[in-house]
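A structural walkthrough
Single-letter residue listing:
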Amino acid sequence: MLQLLDGQSPSTMIHRGDYTAPAFWIDTVHLTFDLDPAKTRVLNKMTLRRNPDVPAQALKLDGEELNLARVLVNGQGTSFKLEGSRLVLENLPAEGSFDLEIFTTCAPIKNTKLMGLYVSNDSFFTQCEAEGFRRITYFLDRPDVMANYTVTLRADKAKYPVLLSNGNLVDSGAMEGTGNEGRHFATWVDPHKKPSYLFALVAGQLVCREQRITSRGGKDHLLQIYVRQGDMDKTEHAMNSLMASVVWDEARFGLPLDLERFMIVATSDFNMGAMENKGLNIFNTKYVLASQATATDADFSNIESVVGHEYFHNWSGNRVTCRDWFQLSLKEGLTVFRDQEFSQDLCREASARAVKRIEDVRVLRTAQFPEDAGPMAHPVRPDSYLEISNFYTVTIYEKGAEVVRMMQTLVGRDGFAKGMTLYFERHDGQAVTCDDFAQAIADANPTSELARLLPQFKHWYSQAGTPHLKGAGQYDAQARTYTLSFEQSCAALPGQTANEPFVLPVSIGLVSALGDAQPMQAQGQEAASGTSHLFVMTQANESITFVNVDEEPVPSILRGFSAPVVLDFEYTDGQLITLLANDPDPFNRWEAAQRLSLRNAIELIVAPADITGAKAINDAYIDAMRHVLRHPTLDAAFKELVLTLPSETYIAEQLAVVDPQRIHAVRESMRTQLAVALADDWQWALETHSANGAYQPDPVSSGRRALAGMALTNLCLAARESGDATWPGQALQRFKDADNMTNRANALHALVNTGHELAAPALARFHAFFKNEELVLDKWFAMQAGACDRGGQILPAVRQLMKHADFSMRNPNRARSVIFSYCNANPAAFHRADAAGYQFWSDRVIELDATNPQVAARLARALDRWKRLAEPYRSAAREAIERVAAKTNLSNDVREVITRALAD
Ligand code: B3K
Ligand code: ZN
């Protein structure tokens, strides 16, 4: 259990088991805003009634940083009190509905937390999820209280010509009367009931791209994307992504757009990626704005999935929402699964689908697996929290998506679509739980493995940690059988009571030593039905035997990453090379290369010898990599993934004791050796993948650019060794000549990361050229703070970057581009033997916490895995964490992360 440190202000842990239904329902809300940056006046008129299912009690409304001016019940003054930050009303009518009117003011200009109502670039925006609405007005700020909203916005017309809220615009015009000169108003009615976290308003000087569409059912809809003047030319891709999302959700799941008007608004001050407010999504500009000149292929692809994600929330999250915040994965895991499927379905080539799956798994393994093994580990449905903002995690999102994916695997794609239909039929307009979702999928597929195993399957929601699946194979030449034995285990978290085996869908194929995919027939089952078999494991120890196996096969286990586990199987190098060359499952083909690379890296890391200068990797490995690089039919995108060595973070996860400098040195040495040994091949790859016609951010040409970029970096790396100046010169030329941001950034990256002297003038040129492009400047900062450290130069560079005129701690994107790129994404530069990186980190966590606790708490997690660090890092990291812990008045956000990090 979380212990609070001595001397700190007491804070309340919230427990899932304590859930009770609300004592009151709020049926309607009429909000009137007089928008003013320094003092915004909010009149909140609600109708409420008691919840007859709950014992009679006082009404306790949430509020935060509000100035309360007036409270009326049915038009009359009433007694009330403030309990902490809550407004408590005891003398309320016993029967029927009643009106409650609350008048408050707040100061959006002072709102640096970017939760509630705030000002960015002279415009007003809101962010209410999870608990921001209480910073706008007193309310039952919880997702199971759903109301009909009518919102009137009043503001100076010249300063705020655009006034937006959820739903439909029903009235607008000039305000009348003295004192209202130059002011105007707009009234919005949202036809759908919604929880307060989906409320939104926007007011400012914005322009919009519009698109009218007719949906399958013949209804007309207006799609709008609002941005600042000057950004209109960067909204086409977001609009195309939105239209594709509308079409996809209707085609794949039969879920239509239920709104006349669907708006997206972009802001450059935003704590996260985007927010699915009903009919009025608010986005970080990073996930809206893109042009060939300013955005990379990755940016284009991220925009497509984030636009999709927020749009899909319109059903999975908004039409059916969460009963309480412990159920967050109900909407987030499901919606990530949906956006992953959307992006895959948009790929024309099967290989591009596989690339997307590999990328998603890479995120899971490099971010979620460490989380699940560290101090912030929690089940997909957590049991307690201090600050809910800390639980918007890769576990809730990405692991939650894997849990949904396993359900689809167990019931089949059509069965899953049927399950979704039943879920929305059953729960439309309700606030429900993860259990309700799983039950609907199972009920729609009563004869499925999921229905049979549902109670056990749900351990995925309640038990934290990444299961390990240990496998071994046994071939019997006489019986012509091949048996795979498996053992699953999962370390229990401190305090976790149950530790039961999981339901693991394990997709298996058998590949012959010569590379043929073998037909599969499991013992006791009907004749072979294809070359993959789904083995559903439920016990701690189980085996499966395949019959009619003519020769000893190489098992291809966990195809497509069919369950989020660590597979321990002692493959020989030869077996991995067979899989890399021949596995028809592209995921496992990539996985074979990862295993080879990882094995090589770990052998070197644990070897006593000095690796610098020594020959780090063997010829068979190099040949296998060359074979992939030169392969005549494999996709460029796939090749780039295979040839990318596992990240330093992922390598670190495989080790009991982590020396970040050693990992970095080994990885760099492997990279350099691959660069030198394959120099001719890299040159071939660059030459054959550089011409890509007119720019299109599609998966095929993106893959070609990615491989060409990788080749250029490798050629510069090899040139570093030889002292040759040709390739760095070429990189500079390509940097100058590039007609798109991907090629330009790749060329710059090649110079910056090989530490070449041409990097400095190229960076200066880049800055001069893009000085008015915020999102490009973020790249400029991030590239320097995240660059390869050669002798400790990055930290001083980061300190310099913080003094740059374009740097600001207040803007989350900018803070992330410098501070997070250094602390969270550049391990070798951050983990310094002199502890200066940690000192820097603790100073920044404390500094950020004073203005924006959510962003500070994310930064605080950079040292999550400190306990596994080797000395001197471990002690120094602990000291840095203790330095933060010793600070009084920390936010709940940071305190929760820090307290957990220090807990035994
Ligand atoms: N639902 C929001 C996240 C809100 C985060 C609040 N701290 C975006 C999304 O997942 O779609
Ligand atoms: Zn989401």
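Residues numbered from 1 in each chain as written. Chains lettered and ligands numbered in written order. Predicted model: local features only at pLDDT ≥ 70, side-chain atom pairs only at ≥ 80, totals over all residues. Heavy atoms only, no water.

1. Focus: the overall build of the chain
Along the backbone of the chain there are 27 helices and 32 strands. A compact globule built from 904 residues should have a C-alpha radius of gyration of about 29 Å, and the chain, at 28 Å, falls within 12% of that. Principal-axis analysis of the C-alpha atoms gives the chain an extent of 90 × 70 × 60 Å. When contacts within the chain are restricted to residue pairs at least 6 apart in sequence, long-range pairs at least 24 apart make up 71% of them. Put simply, the chain shows about 34,600 Å² of open surface, and 49% of that area lies on carbon and sulfur atoms. Side chains of the chain give 90 positive and 110 negative charges; the mean places of these two sets differ by 3 Å. (Helix = DSSP H or I, 4+ residues; strand = E, 2+ residues; numbered from the N terminus. Rg over C-alpha atoms; globule rule 2.2 N^0.38 Å. Contact = heavy atoms within 4.5 Å. Areas by Shrake-Rupley, 256 points an atom, 1.4 Å probe, with all protein chains shown as cover. Lys, Arg positive; Asp, Glu negative; His and termini not counted. Charge placed at Lys NZ, Arg CZ, Asp CG, Glu CD.)

2. As for the site of ligand 1
Of all residues adjacent to ligand 1, which total 13 residues, the nearest are Glu129, Ala274, Glu276, Glu310 and Tyr397. Histidine 309 places a polar side-chain atom, nitrogen or oxygen, 3.1 Å from an oxygen atom of ligand 1. Protein chains shield 94% of the accessible area of ligand 1, which is 340 Å² for the free molecule. Put simply, the parts of the chain that give the shell around ligand 1 at least two residues each are strand E21 (274-275), helix H2 (297-312) and helix H3 (328-345). In terms of residue class, the shell around ligand 1 is made up of 5 nonpolar, 3 polar and 5 charged. Each of domain 1 (14-312) and domain 2 (321-462) gives at least three residues to the shell around ligand 1. (Near = heavy atom within 4 Å. Polar contact = N/O pair within 3.5 Å; in protein donor to acceptor, adjacent residues only side chain to side chain. Nonpolar A, V, L, I, M, F, W, Y, C, P; charged D, E, K, R; others polar. Domains from an automatic or database assignment.)

3. Structural notes on the packing of helix H22 (residues 812-823) against helix H24 (residues 836-849)
Running from N to C, H22 and H24 cross one another at 140°; their axes reach a closest spacing of 11 Å. The angle between the axes of H22 and H24 places the two elements in the oblique class. As for how H22 packs across H24, the hand of that crossing is left-handed. Contact residues: Ile819, Tyr822 and Cys823 in H22; Gly837, Phe840, Trp841 and Arg844 in H24. Here the residues of the contact of H22 with H24 sort into 5 nonpolar, 1 polar and 1 charged. (Axes fitted to C-alpha atoms, helices over the stretch in contact; angles between N-to-C directions. Parallel < 35°, antiparallel > 145°, perpendicular 65-115°, else oblique. Left-handed = near helix turned anticlockwise from the far one by under 90°.)

4. Quick notes on the environment of lysine 867
With respect to the helices, strands and loops of the structure, lysine 867 is situated in the loop between helix H25 (853-860) and helix H26 (873-885). Lysine 867 sits 11 residues away from arginine 878 along the chain, and the two C-alpha atoms are 8.2 Å apart. Setting aside residues up to four positions removed in sequence, lysine 867 forms contacts with Arg874, Ala901, Ala903 and Asp904. A polar atom in the side chain of lysine 867 sits 2.5 Å from the backbone oxygen of alanine 903.

5. Some words on the side chain of aspartate 681
Position of aspartate 681 among the secondary structure elements: in helix H15 (residues 679-689). The contact partners of aspartate 681, leaving out residues within four places of it in the chain, are Arg626, Leu629 and Arg630.

6. A short note on the coordination of the zinc ion (ligand 2)
Within the protein, His309 (NE2), His313 (NE2) and Glu332 (OE) serve as the donor atoms for the zinc ion (ligand 2), at 1.9 to 2.1 Å. Each donor residue of the zinc ion (ligand 2) belongs to the same chain, and together they define the spacing H-x3-H-x18-E. In this structure histidine 313 comes out as buried when scored by relative accessible area, which is 0%. (Donors = N, O, S within 2.8 Å, 3.2 Å for Na, K, Ca; no water. Buried < 20%, exposed > 50% of the residue type's maximum accessible area, 1.4 Å probe, protein only.)

7. So, empty space enclosed by the protein
Across all of its chains, the model carries 4 cavities of 30 Å³ or more by this definition. Counted as a void, the largest cavity has a volume near 60 Å³. Together, Ser120, Asn121, Ser123, Phe125, Leu206, Arg228, Ala266, Thr267, Ser268 and Thr285 line the largest cavity. For the lining of the largest cavity, the class distribution of residues is 3 nonpolar, 6 polar and 1 charged. (1 Å grid on protein atoms, 1.4 Å probe; cavity = no way out; pocket = protein on both sides within 12 Å on 5 of 7 lines; lining within 4 Å. Points joined across faces, edges and corners; volume = space filled by probe spheres on them.)

8. Considering the sheet that holds strand E31 (residues 553-557)
Sheet strands pair via backbone hydrogen bonds, and the direction of the pair is either parallel or antiparallel. Taking strand neighbours across the sheet as the criterion, the 3 strands line up as E29-E28-E31 in an open arrangement whose pairing is antiparallel. For this open sheet the edge positions go to strand E29 (533-537) and E31, each flanked by a neighbour on one side alone. Adjacent strand axes in the sheet meet at a mean angle of 35°, parallel and antiparallel pairs treated alike. Pairing analysis gives 5 bridges linking strand E28 (residues 504-512) to E31, with the strands arranged antiparallel. Of the residues in E31, the one forming a bridge with glycine 509 is serine 556. (Pairing = 2+ DSSP bridges.)

9. Brief notes about the pairing of strand E19 (residues 220-227)
Among the 8 residues that make up E19, 7 are buried, leaving the element largely enclosed by the rest of the structure. In this antiparallel pair of consecutive strands, strand E18 (residues 207-214) and E19, the connection spans 5 residues, and glycine 218 shows a positive phi of 90°.

10. Description of the domain arrangement of the chain
Where interface size is quoted, it is often the accessible area lost as the parts come together. Domains assigned within the chain are domain 1 (14-312), domain 2 (321-462) and domain 3 (468-570). Summarising the inter-unit geometry, the C-alpha centres of domain 1 and domain 3 are found 49 Å apart.

11. A closer look at the sheet that holds E21
Pairing is mixed across the open sheet formed by 5 strands, whose spatial order is E18-E19-E20-E22-E21. Edge positions in the sheet fall to E18 and E21, since each has one partner strand and no second. One ladder, built from 5 bridges, connects E19 with strand E20 (residues 261-267); its direction is parallel. Paired with leucine 223 across the strands is phenylalanine 262, a residue of E20. Running over the sheet, H2 touches E20, E21 and strand E22 (280-284) and is turned about 150° from E22.

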